[in-house]
Amino acid sequence: MITAIAFYLMAAVALVSAVLVVTLRNTVHCALFLGLSLAAVAGVFGTLGADFLFASQILIYVGGIAVLMIFAVMLMGRTADLTLRQVNQEWLAALLVCAITAAGLWRTAKAYLGTAAASAPAPATKALGRLMLGDYVIPFELISLVLLAALLGAVFFTKKEEGGKT
Amino acid sequence: MTLTLAHYLALGAGLFVIGIFGALTRRSVIGILMSIELMFNAANINLAAFNRFLHPEGVTGQAFALFIMTVAAAEVVVGLALVLAIYRRWDKVYMEKIDILRG
């Protein structure tokens, strides 16, 4: 019962702030609502009993990615942007694409209307740790390589070129 | 009002569709990156929900969601670095203005 209330609350917050992210004109507000939406998704993970995902969603997404977005918005901000349209002319076609996608996804989802949870959720952190250092140790090491490459790429792309060409 | 898997799938589908709409219609590059983050989140919700409802004895879905989170973090770091480099070099933020590859 409490889980259902929490789910509906978090889902409403996530969906409403996601709509605000894609429609608002002020990009700073968009970034802040993105943080709210990601935090609400963390709450949805909580109702699923995924405790480690809940914590890492808040650490990585709310604490990392949303803050990074706000930094980028502030670095690139221009006051003229506040009055410009932020949405292009193709919104009608985009709505059509969205409607078709939503219809297809719902056709898949409604097959699971009767699938309720069989048991109470158990803590997953220990099992996740065993999985990451057991069966999935090679993807785990590869993902650290991906992170290193992303770090190097970010440094490479943002450094100033020698000789004042940039 | 017991929660079923379809509830979570519907939430994931809603977030994904909103993300598609944003990625197709936003003019600024940062707005598109934010919409892509929304789509990653929808996929993560679906993975965790399938894990909870169909295979509650394992945690493979949650492990995949963790991998997706890491890849999303790497993607947003490189994407924002590219956006900042474009902004510094050409002073352009909007997608339709970035057209130097047009013949």
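Residues numbered from 1 in each chain as written. Chains lettered and ligands numbered in written order. Predicted model: local features only at pLDDT ≥ 70, side-chain atom pairs only at ≥ 80, totals over all residues.

**Observations concerning the overall build of chain A**
And then number 1: Helix and strand counts for chain A stand at six helices and zero strands.
And then number 2: When the helices and strands of chain A are listed from N to C terminus, the series reads α-α-α-α-α-α.
And then number 3: For 166 residues, the compact-globule estimate of 2.2 N^0.38 gives 15 Å, and chain A exceeds it by more than 25% at 21 Å.
And then number 4: With the C-alpha coordinates of chain A rotated into their principal frame, the extents come out at 65 × 45 × 30 Å.
And then number 5: By residue count, 25% of the 166 residues in chain A fall in the buried class. (Helix = DSSP H or I, 4+ residues; strand = E, 2+ residues; numbered from the N terminus. Rg over C-alpha atoms; globule rule 2.2 N^0.38 Å. Buried ≥ 20, exposed ≤ 12 C-beta atoms within 10 Å, placed from the backbone.)

**Considerations on the overall build of chain B**
And then number 1: When you go through chain B residue by residue, the secondary structure sums to three helices and zero strands.
And then number 2: When the helices and strands of chain B are read in sequence order from the N terminus, they spell out α-α-α.
And then number 3: Radius of gyration (C-alpha) of chain B: 17 Å, far over the 13 Å computed for a compact globule of 103 residues.
And then number 4: Along the three orthogonal principal directions, the C-alpha set of chain B runs to about 55 × 25 × 25 Å.
And then number 5: Counting over 103 residues, chain B shows a buried share of 54%.
And then number 6: The long-range fraction of contacts in chain B, counting pairs at least 24 apart against all pairs at least 6 apart in sequence, stands at 49%. (Contact = placed C-beta atoms within 7 Å.)

**Quick word on the interface of chain B and chain A**
And then number 1: Facing 60 residues of chain B, the contacting portion of chain A comprises 74 residues.
And then number 2: Only helix 1 (5-25), helix 2 (29-54) and helix 3 (60-90) of chain B provide two or more residues apiece to the side of chain B that touches chain A.
And then number 3: Ranked by the residues each element gives to the side of chain B that touches chain A, the list is headed by helix 3 of chain B, at 22 residues.
And then number 4: For the side of chain B that touches chain A, the residue count by class is 42 nonpolar, 12 polar and six charged. (Nonpolar A, V, L, I, M, F, W, Y, C, P; charged D, E, K, R; others polar.)

**Examining the packing of helix 2 of chain B against helix 3 of chain B**
Each pair of packed helices gets described by two things: the angle between the helix axes and the distance between those axes.
Residue and element names in this part refer to chain B.
And then number 1: Orientation of helix 2 relative to helix 3, taken along the N-to-C sense of each, is 175 degrees, at an axis distance of 8 Å. It follows that helix 2 is roughly antiparallel to helix 3 by the angle criterion. The residues of helix 3 that touch helix 2, namely those facing Val29, Ile30, Leu33, Glu37, Phe40, Ala43, Asn44, Leu47, Ala48, Phe50 and Asn51, are Thr60, Gly61, Gln62, Phe64, Ala65, Ile68, Met69, Ala72, Val76, Gly79, Leu80 and Val83. (Axes fitted to C-alpha atoms, helices over the stretch in contact; angles between N-to-C directions. Parallel < 35°, antiparallel > 145°, perpendicular 65-115°, else oblique.)

**Side note on the packing of helix 1 (residues 2-23) of chain A against helix 2 (residues 27-47) of chain A**
Residues and elements named next belong to chain A.
And then number 1: Following both chains from N to C, one finds helix 1 and helix 2 inclined at 155 degrees, their axes separated by 8 Å at the closest point. In terms of orientation, helix 1 and helix 2 fall into the roughly antiparallel class. Where helix 1 crosses over helix 2, the two elements pack in a sense that is left-handed. Packed against helix 1, whose contacting residues are Thr3, Ala6, Phe7, Met10, Ala11, Val13, Ala14, Ser17, Ala18, Leu20 and Val21, the element helix 2 presents Cys30, Phe33, Leu34, Leu36, Ser37, Ala40, Val41, Gly43, Val44 and Thr47 at the interface. (Left-handed = near helix turned anticlockwise from the far one by under 90°.)

**Describing helix 2 of chain B**
And then number 1: Here helix 2 of chain B contains 26 residues, and its C-alpha end-to-end distance of 38 Å stays within 8% of the 38 Å for a straight helix at 1.5 Å per residue.
And then number 2: Counting buried residues in helix 2 of chain B gives 21 out of 26 residues, a clear majority hidden from the surface. (Expected span 1.5 Å × (residues − 1).)

**Some remarks on the environment of Val67 of chain A**
All names here are of chain A.
And then number 1: Structurally, Val67 is set in helix 3 (residues 51-75).
And then number 2: Its 13 C-beta neighbours within 10 Å are what place Val67 among the partly exposed residues.
And then number 3: Considered as a pair, Val67 and Leu32 are 35 residues apart in the sequence and their alpha carbons are 8.7 Å apart.

**What about the environment of Gly153 of chain A?**
And then number 1: Assignment of secondary structure puts Gly153 of chain A in helix 6 (residues 137-158).
And then number 2: By the C-beta count within 10 Å, which is 15 here, Gly153 of chain A ends up partly exposed.
And then number 3: Once you skip the residues sitting within four places of it in the chain, Gly153 of chain A turns out to touch Val78 and Ala81 of chain B.

**Let's talk about the confidence of the model for chain B**
And then number 1: With 98% of its residues at a pLDDT of at least 70, chain B reaches an overall mean of 89.
And then number 2: Reported confidences for the modelled complex are a pTM of 0.89 and an ipTM of 0.90. (pLDDT = per-residue confidence, 0-100.)

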